[in-house]
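# Architecture at a glance
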Amino acid sequence: TAPNQPIECVPTIVVEDDRTGLSVETLKRAFQDNLFYIQGKFAKIATQNDYYMALAYTVRDRLLRRWLTTAETYTHQGVRTVAYLSAEFLMGPHLGNNLISLGIYDEAKQAIGELGLDFDALLEQEEEPGLGNGGLGRLAACYLDSMATLDIPSIGYGIRYEFGIFDQDIRDGWQFEITDKWLRYGNPWEIARPEWSVEVKLGGHTETYMDEMTSRQRVRWVPAEVVMGIPYDTPILGYKTNTATTLRLWSAAAAESFDFAAFNSGDYFRAVLQKTVSETLTKVLYPNDESFQGKKLRLGQQIFFVSCSLQDMILILTRQGIPLDQFHEKFAIQLNDTHPAIAVAELMRLLMDEHAFEWDAAWSITQKTLAYTNHTLLPEALERWGLGLFGTLLPRHLEIIYEINSRFLEEIRLKFPGDNDRLNRMSLIDEAGERHVRMAHLACVGSHAINGVAALHSELLKQDVLRDFYELYPEKFSNKTNGVTPRRFMVLSNPRLTKLITSKIGDGWIKHLDDLRKLEAFVEDADFRQQWRQIKFDIKQDLADYIKQANGIDVDPASLFDIQAKRIHEYKRQHLDVLHIITLYNRIKANPDVDITPRTFIFGGKAAPGYYMAKLIIKLVNSVADVVNNDPDVRDRIKVVFLKDYNVKFAQRVYPAADLSEQISLAGKEASGTGNMKFSMNGSLTIGTLDGANVEIREEVGAENFFLFGLTTPEVYALKAQGYNPWQYYNSNPELKAAIDRIASGGFSNGDTNLFNALVSTLLYKDDYLLLADYQSYVDCQDGVSRAYRDQDHWTRLSILNSARMGKFSSDRSIREYCKDIWHVKPVAIELKEYVQAGA
Ligand code: KOT
């Protein structure tokens with residue numbers, strides 16, 4: 001029999017209590033058992049990692065029943081399933097989250113403590129799977145959590161990068177990239193399923209042939225190369241429910257057919273070396289966030305994981321005996337931006353070339369199955385592949401795209417006769433200059449639903465980037481404002497606040513975040529406010545300790561913690577934050593006795609390795625920190641800290657410690673933001689522009705509880721249309737001029753006037769992101785923040801109200817909306833059957 005053929009044996013599994021029991025005693029026994037039998041270590045020689053692994057396997061054992069029962073239920077019932085396709089899943093550490101979902105966090109902590117080990121250190125030991133750059137990948141992870149928690153049949157499909165996002169070190173103030181070796185010590189959360197491998201074709205050419213069975217012309221793709229995709233499954237536990245869904249990540253390997261070729265050519269040794277070429281495909285995550293680089297390997301990654309995933313879905317149906325003309329009834333596929341948009345052509349190809357569907361039937365299935373989420377308005381992020389490269393790697397897909405395009409353009413000609421400009425603007429092929437495939441257009445045409453990720457963003461899509469598509473298909477468009485999971489970003493990362501909240505309103509809010517509103521009733525309770533303030537202070541003290549240890553800087557936990565943590569990007573304007581710091585510094589230098597509210601400015605975030613300006617901004621933050629932190633005139637009233645290697649694990653430590661969250665992108669540039677939600681849920685106030693989801697956060701928390709500044713999107717457009725001149729602001733604003741001059745004159749570079757020249761001249765001569773135009777409004781607003789912070793009791797009220805009113809931003813709400821409006825998928829409850837216990 002073939003190795004991938006299922007064979008049934010004894011129908012019931014007998015399970016040892018040590019693998020399922022949830023009591024402290026059983027957990028202890030299981031932990032020691034796993035240390036011995038799985039890690040192969042005893043206490044004398046065990047490392048911290050061995051202990052981590054032993055605990056991880058102990059937890060994994062306890063979730064397998066839910067995981068397998070979920071899979072069995074879905075297969076057995078042939079349920080309608082969401083397939084979330086994403087090139088990135090930024091999951092963060094699994095251990096703590098799984099303990100929370102299983103409801104055994106406290107028991108595990110006690111068990112580990114009783115064994116004489118440091119539980120927090122074991123959690124800290126986990127190398128997080130950094131398989132994403134930032135917001136887009138983390139959103140995918142939050143959505144998996146919510147789908148599982150809401151019992152939505154779902155599967156996440158992506159790429160198992162051997163090296164995820166680089167680790168960031170800071171050397172002499174500059175970012176330094178280090179390879180992320182997350183798989184170095186093994187990954188206890190994944191199970192490889194080589195028996196479910198599939199093959200993906202690349203390159204070569206196409207041929208037509210006569211299909212004898214149907215007497216129809218069909219197309220055959222003769223590839224130059226075949227790569228095998230091996231699935232690795234990770235369980236995604238819902239919170240306090242029986243559902244455990246799957247994240248299925250594909251890893252590339254040389255196809256078996258390769259061995260035959262090697263054998264035949266006789267050059268066995270060279271052929272084995274060649275296997276590494278196939279494996280290259282899933283080696284490394286591209287570290288560029290929101291900037292498109294037309295690299296062949298990246299297109300290879302996209303077709304690889306998309307083809308593997310679609311073939312996998314077809315196999316799932318085939319195994320259940322479900323005919324493929326029901327594909328769209330069994331799967332709702334969500335495309336997380338255009339990275340998986342090649343799915344439009346690949347699903348058409350699979351249905352037509354491999355399963356003998358005719359065009360119209362295949363097209364109807366494709367459109368009904370796919371839906372597309374757009375995550376950015378930045379033109380430089382939109383994916384467009386040069387035709388040469390595209391046709392070389394994917395000759396058959398290019399033919400299919402041409403055919404989709406010709407039918408599509410015909411539809412436009414009928415609806416808008418004579419409008420040639422419109423045809424050119426909407427074509428799937430950009431004909432200006434070197435010809436390109438426009439992936440966003442392909443996604444729009446091939447999907448039945450298109451959505452943005454915040455109300456403003458979705459409006460701008462309709463008015464601007466996708467305007468023509470909106471005019472053609474208004475019914476396809478909707479908004480789905482992003483959300484984040486309160487399980488990871490409150491319960492796990494902020495246990496002290498969770499406990500206080502739960503003591504007042506019970507724990508229903510963890511699954512129904514709107515319940516946080518009940519906290520409003522306690523705003524006038526002085527005792528409650530005192531506890532709230534104390535918790536925030538204690539968490540800030542912890543972060544202060546960390547900063548002392550990591551950066552060697554003393555910071556005062558009583559000072560205002562002002563945090564900007566996100567990818568470094570000019571549009572996010574970390575350097576506007578820096579201009580404010582320099583302004584405060586200049587005020588102190590002009591009058592050392594000036595009355596200033598003590599503040600600690602904290603930054604965290606990675607820059608794309610090839611993005612010079614972003615790296616220069618990191619250098620500037622660190623240079624300003626060096627000067628400000630060491631100037632005796634400052635008398636420690638302001639401190640500046642750049643925290644290196646910002647990732648999910650670290651973010652969980654940072655969000656709860658903030659007083660003020662910086663959400664200061666230029667209006668119209670940030671699609672949504674999700675960090676803004678995580679900060680506010682944890683009781684920080686926001687200083688922000690009317691951009692992305694800030695608009696809706698402000699609506700929810702109330703204008704009086706939000707520090708608003710800056711131009712609105714229409715004002716930005718108007719200013720740019722009228723001809724923006726940054727010099728005008730520089731010349732007429734003495735504080736702004738002084739701040740920029742201090743950088744330009746070498747005030748943060750030991751007199752070197754060259755170091756920050758690129759940054760200064762970009763601001764003065766271009767300033768695409770209007771920092772100078774928004775400067776005064778920002779500084780005025782920050783002065784208001786400083787005044788507000790002086791009344792600690794008042795500030796605490798605002799902090800409580802921010803948390804209390806964040807219910808809308810649970811990813812559970814987002815997922816409910818996707819389910820209702822786009823996916824039409826209903827929850828399926830999972831019933832656990834009793835195991836037969838050993839000895840029973
Ligand atoms: C990256 C490359 C191409 C297209 C889009 C991106 C992208 C967008 N990467 N991250 N984003 C962010 O996605 C988040 C989740 O929707 C948003 O909150 C955030 O505003 C985007 O910048």
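Residues numbered from 1 in each chain as written. Predicted model: local features only at pLDDT ≥ 70, side-chain atom pairs only at ≥ 80, totals over all residues. Heavy atoms only, no water.

### What about the overall build of the protein?
Note the cut-off: To qualify as a helix, a DSSP run of H or I must reach at least 4 residues; to qualify as a strand, a run of E must reach at least 2; elements of each kind are numbered from the N terminus. For each residue, the accessible area found with a 1.4 Å probe, counting protein chains only, is set against the maximum for its type, and the residue is called buried under 20%, exposed over 50%, and partly exposed in between. Two residues form a contact once any of their heavy atoms are found within 4.5 Å. Per-residue accessibility takes into account occlusion by the displayed protein chains alone, with areas from the Shrake-Rupley method and a 1.4 Å probe. Residues counted as positive are Lys and Arg, residues counted as negative are Asp and Glu, and His and the chain ends are not counted. By convention, the point assigned to a charge is CZ for Arg, NZ for Lys, CD for Glu and CG for Asp.
Across its full length, the protein holds 33 helices and 27 strands. Its C-alpha atoms put the protein at 90 × 80 × 55 Å along the principal axes. For the protein, buried positions account for 60% of its 840 residues. Of the contacts made within the protein by residues no fewer than 6 positions apart, 77% connect residues no fewer than 24 positions apart. Summing over all exposed atoms, the protein offers an accessible surface of approximately 32,700 Å²; the carbon and sulfur share of this is 52%. The average position of the 92 basic charges and that of the 112 acidic charges among the side chains of the protein differ by 1 Å.

### Notes on the packing of aromatic side chains
So the rule is basically this: Under the pairing criterion, centres of Phe, Tyr and Trp rings, with the six-membered ring standing for Trp, must be within 6.5 Å; the plane angle then separates stacked pairs below 30 degrees from edge-to-face pairs above 60, leaving the rest tilted. For a ring to carry a charge above it, either NZ of a lysine or CZ of an arginine must fall within 6 Å of the ring centroid while also lying within 35 degrees of the normal to the ring plane.
Tallied over the entire structure, the rule returns 24 aromatic pairs. Put simply, the rings of Tyr84, Tyr143, Tyr818 and Trp823 pair up and form one aromatic cluster. Positioned above the aromatic ring of Trp67 is the side chain of Arg193, whose terminal nitrogen or guanidinium carbon lies 5.9 Å from the ring centre.

### Some points on the pairing of strand S11 (residues 216-222)
Definition in use: Strands pair, by our definition, only if DSSP identifies at least two bridges between them.
Pairing of strand S10 (residues 205-211) with S11, which is carried by 7 bridges, proceeds in the antiparallel orientation. The partner of Glu207 across the bridge, within S11, is Arg220. Here S10 hands over to S11 after 4 residues, with Ser215 in that stretch at a positive phi of 50°.

### What about empty space enclosed by the protein?
Using a probe with the size of a water molecule, rolled over the atoms, empty space left in the structure can be pinpointed. Worth spelling out the cut-off: Every definition here rests on a 1 Å grid over the protein atoms only: cavities are sets of points where a 1.4 Å probe fits but cannot get out, pockets are open sets enclosed by protein on both sides within 12 Å along at least five of seven lines, and lining residues have some atom within 4 Å of a point. Grid points are joined across faces, edges and corners, and a volume is the space filled by probe spheres set on the points. Charged means Asp, Glu, Lys or Arg here, nonpolar means Ala, Val, Leu, Ile, Met, Phe, Trp, Tyr, Cys or Pro, and polar covers whatever is left, Gly included. Marked domain ranges trace back to an automatic or database domain assignment.
In total, this model carries 7 cavities of 30 Å³ or more according to the counting rule given. If you add up the space inside the largest cavity, you get close to 890 Å³. As for the largest cavity, its lining consists of 50 residues, and the residues nearest its centre are Asn133, Gly134, Gly135, Leu136 and Asp289. Of all the secondary-structure elements, those providing two or more residues to the lining of the largest cavity are helix H6 (135-149), helix H24 (648-654) and helix H25 (675-681). Considered class by class, the residues forming the lining of the largest cavity number 17 nonpolar, 19 polar and 14 charged. Residue-level mapping places the lining of the largest cavity at the junction of two domains, with at least three residues from each of domain 2 (80-91 + 129-477) and domain 3 (486-739 + 769-810).

### Digging into the site of the ligand
Note the following rule: When at least one non-hydrogen atom of a residue lies within 4 Å of a molecule or strand, that residue is treated as near it. Whenever two N or O atoms come within 3.5 Å, that pair is a polar contact, provided that in protein one can donate a hydrogen and the other can accept it, and provided that, for residues adjacent in sequence, both atoms are side-chain atoms. Cavity and pocket membership follows a simple rule, namely that a molecule belongs there if more than half of its atoms are within 2 Å of the grid points.
Around the ligand, 18 residues are found, and the nearest of them are Glu290, His375, Asn482, Glu670 and Gly673. Between the ligand and Asp289, the relevant distance is 3.3 Å, taken from a nitrogen atom to a side-chain nitrogen or oxygen of the residue. At a separation of 2.4 Å, an oxygen atom of the ligand approaches a polar side-chain atom of Glu290. Compared with its free state, where it exposes 480 Å², the ligand has 96% of that area covered by protein. When each cavity is represented as a set of grid points, the ligand is found to reside in the largest cavity. Class assignment for the residues of the shell around the ligand results in 6 nonpolar, 8 polar and 4 charged.

### Observations concerning the environment of Gly96
Among the secondary structure elements, Gly96 is positioned in helix H3 (residues 95-102). Separated by 40 residues in the primary sequence, Gly96 and Ala56 place their C-alpha atoms 9.5 Å from one another. Once residues lying within four places of it in the same chain are set aside, the contact partners of Gly96 are Tyr105, Leu123 and Leu492.

### Here's the deal with the sheet that holds strand S26 (residues 707-708)
The strands that make up a sheet are held in pairs by hydrogen bonds between backbone atoms, and each pair lies either parallel or antiparallel. In spatial order, the strands read S23-S22-S21-S24-S25-S26; together these 6 strands make up an open sheet with parallel pairing. Looking at the sheet topology across the chains shown, the edges are occupied by strand S23 (638-643) and S26. The pairing of strand S21 (residues 560-565) with strand S22 (residues 599-604) spans 6 bridges and is classified as parallel. From the neighbouring strand, Asp562 faces S22, where its bridge partner is Phe601.

### A short note on the sheet that holds strand S17 (residues 429-430)
Quick reminder of the rule: Only the stretch in contact is used when a helix axis is fitted, and all axes are lines through C-alpha atoms; the angle between N-to-C directions ranges over 0 to 180 degrees.
In spatial order, the strands read S16-S18-S17; together these 3 strands make up an open sheet with antiparallel pairing. Among the strands making up the open sheet, the edge pair consists of strand S16 (384-386) and S17. When S17 meets strand S18 (residues 436-438), the two strands line up antiparallel, connected through 2 bridges. Bridging across to S18, Ile429 finds its partner in Val437. In this fold helix H16 (residues 439-446) packs onto S16 and S18, with an angle of close to 45° to the strand it touches most, S18.

### A short note on the pattern of salt bridges
Applicable threshold: By definition here, a salt bridge exists when the distance from a side-chain nitrogen of Lys or Arg to a carboxyl oxygen of Asp or Glu is within 4 Å.
Here the structure, examined in full by the defined rule, presents 67 salt bridges. Between Asp793 and Arg529 there is a salt bridge, and its shortest N-O distance comes to 2.9 Å. Placement of the pair is Asp793 in helix H32 (residues 792-804) and Arg529 in helix H21 (residues 526-551), with a sequence separation of 264 residues. Its relative accessible area of 6% is what places Arg529 among the buried residues. Lys572 is the partner of Glu670 in a salt bridge, and the nearest nitrogen-oxygen pair spans 2.8 Å. Here Lys572 lies in the loop between S21 and helix H22 (574-590) and Glu670 lies in the loop between strand S24 (660-663) and H25, a separation of 98 residues in the sequence. Overall, the relative accessible area of 11% leaves Glu670 in the buried class. Taken together, the salt bridges that share partners define one network made up of Asp419, Arg422, Arg425, Arg467, Asp468 and Glu471.

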